[in-house]
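Structure assessment
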Amino acid sequence: MKLNGKTVLVTGASRGIGKGIAQKLAKEGANIAFTYVSSVEKANAFEAELIASGVKAKGYQSNAADFSEAEKLVDEIVKEFGSLDVLVNNAGITKDTLLMRMSEQQWDDVLDTNLKSAFAMTKAAMKPMMKAKAGSIINITSIVGIVGGAGQANYAASKAGMIGLTKSVAKEIGSRNIRCNAIAPGFIETEMTEVLGDDIKQEWIKTIPLKRGGKPEDVANCVLFLACDDSAYISGQTINVCGGMVM
Ligand code: NAP
């Protein structure tokens, strides 16, 4: 097992990609702390599922958009689990609309949840990682942060910001043996993409060389690689998990 006894924090893991990541890393022996914001029942059921699989696990209701919650959360996790070895900044939302119709609130909500949260969580997680002289931070960005998206200026800006954050963090704390990388998923089948109509989905799939949407597990496999020592000499990178859609 590649992560035996390690403590991993995955933000936004009550469903979708975050849940797939937590399941994958738990199978490799990691103890899992995860957050959610509103899905209390799903989160409780998932916590029980992880514990039944034989690892330590706890779900925390914590709003990623609230800067002040990050430090408290990390302190609680270190107290409960004894360490924090891997941070996966996954929590994210979309509020899509054309820029000319986009409100300040829609901009702020997406930037706060997707980007400011990664800043707050990284800043908080760095402390126990620096003490341990080891750590891996993985930011879930998007190919939209690389190529842009009509109707997604707020989302694209937040995800492009995560890539800049990733590279800067890698430069700042690489000397402390803490790595920071990003994963840019393409079209992954979750509740986030379920809202798109079938026509739009089919159009997307036509543009993907591998001719299918991705699954949370496709992203989780890449997270596992970046979380464990197999990627010990990789930092500051963005890996696209998009079926070849963006090259
Ligand atoms: P999803 O199915 O909508 O799930 C989002 C998760 O984030 C849920 O667990 C949700 O918790 C949590 N969350 C949302 N707002 C939060 C907040 N303020 N604080 C804490 N947790 C919060 O989304 P997904 O498709 O799995 O996406 C996960 C990540 O991958 C996002 O960052 C997204 O931008 C990125 N991504 C997704 C795709 C895709 O095609 N799906 C592509 C590229 C990148 P609740 O259940 O409590 O709401």
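So, here's what we can say about the structure.

Rules of the game
- Residues numbered from 1 in each chain as written.
- Predicted model: local features only at pLDDT ≥ 70, side-chain atom pairs only at ≥ 80, totals over all residues.
- Heavy atoms only, no water.
- Helix = DSSP H or I, 4+ residues; strand = E, 2+ residues; numbered from the N terminus.
- Buried < 20%, exposed > 50% of the residue type's maximum accessible area, 1.4 Å probe, protein only.
- Contact = heavy atoms within 4.5 Å.
- Near = heavy atom within 4 Å.
- Polar contact = N/O pair within 3.5 Å; in protein donor to acceptor, adjacent residues only side chain to side chain.
- Areas by Shrake-Rupley, 256 points an atom, 1.4 Å probe, with all protein chains shown as cover.
- 1 Å grid on protein atoms, 1.4 Å probe; cavity = no way out; pocket = protein on both sides within 12 Å on 5 of 7 lines; lining within 4 Å.
- Sits in = over half its atoms within 2 Å of the grid points.
- Nonpolar A, V, L, I, M, F, W, Y, C, P; charged D, E, K, R; others polar.
- Points joined across faces, edges and corners; volume = space filled by probe spheres on them.
- Pairing = 2+ DSSP bridges.

With that settled, consider the environment of Ala156. Mapped onto the secondary structure, Ala156 falls in helix 6 (residues 153-173). With relative accessibility at 12%, the residue Ala156 sits in the buried group. The spacing of Ala156 and Ser117 is 39 residues in sequence and 15 Å in space, taken between C-alpha atoms. Contact partners of Ala156, with chain neighbours within four places excluded, come to Val144, Gly145, Gly148 and Gly149.

Taken together, 31 residues sit near the ligand, with Ser14, Ser38, Ser39, Tyr155 and Thr190 positioned nearest. With respect to the ligand, the backbone of Gly12 contributes an N or O atom lying 3.3 Å from an oxygen atom. A distance of 2.4 Å separates an oxygen atom of the ligand from a polar atom in the side chain of Thr190. Relative to its free-state accessible area of 900 Å², the ligand is covered by the protein chains to the extent of 95%. Its atoms largely coinciding with the cavity grid, the ligand occupies the largest pocket. If you list the elements that add at least two residues to the shell around the ligand, you get helix 1 (16-27), helix 6 and helix 7 (191-194). Here the shell around the ligand gets three residues from one element, more than from any other, and that element is helix 7. A per-class count over the shell around the ligand returns 13 nonpolar, 15 polar and three charged.

Let us look at unusual backbone geometry. A negative phi holds for most residues other than glycine; trans holds for most peptide bonds. Phi is positive for Lys133, which is not a glycine, with a value near 55°. By secondary structure assignment, the location of Lys133 is in the loop between helix 4 (104-132) and strand 5 (135-140). Look at Lys211: it is not a glycine, yet its phi comes out positive at around 55°. Mapped onto the fold, Lys211 is located in the loop between helix 8 (198-206) and helix 9 (216-227).

Let us now look at empty space enclosed by the protein. Under the criterion given, the structure shown has two cavities of 30 Å³ or more. Volume-wise, the largest cavity comes out at about 80 Å³. Lining the largest cavity are Thr11, Thr35, Ser62, Asn63, Ala64, Asp66, Glu69, Ala70, Leu73, Ser117, Ala120 and Met121. Elements with a contribution of two residues or more to the lining of the largest cavity: helix 3 (67-81) and helix 4. Residues belonging to the lining of the largest cavity are distributed by class as follows: five nonpolar, five polar and two charged. There is about 40 Å³ of room inside the second largest cavity. Taken together, Thr11, Ala64, Asn89, Asn90, Ala91, Thr113, Asn114, Ser117, Met121 and Met162 make up the lining of the second largest cavity. Sort the elements by how many residues they give to the lining of the second largest cavity and helix 4 lands first, with four residues. Grouping the constituent residues of the lining of the second largest cavity by class yields four nonpolar, six polar and no charged.

Moving on to the layout of surface pockets. There is about 920 Å³ of room inside the largest pocket. When its residues are assigned to classes, the lining of the largest pocket shows 18 nonpolar, 19 polar and four charged. Considering only enclosed or pocket space, the second largest pocket measures out at about 280 Å³ in volume. As for the second largest pocket, its lining consists of 14 residues, of which Ala134, Gly135, Arg179, Ala227 and Asp229 are closest to the centre. Residues that form the lining of the second largest pocket fall into these classes: six nonpolar, three polar and five charged.

Successive side chains on a regular strand alternate, one facing one side of the sheet and the next facing the other. The element strand 5 is extensively covered by neighbouring structure, given that six of its six residues are classed as buried. The alternating pattern of strand 5 places Gly135, Ile137 and Asn139 on one face and Ser136, Ile138 and Ile140 on the opposite face, and all of these are buried. Sheet analysis places strand 4 (residues 86-89) next to strand 5, joined by four bridges and oriented parallel. The partner of Val86 across the bridge, within strand 5, is Ser136. As judged from the six bridges shared by strand 5 and strand 6 (residues 178-185), these two strands associate in the parallel manner. Within the sheet, the bridge partner assigned to Ile140 lies in strand 6 and is Ile183.

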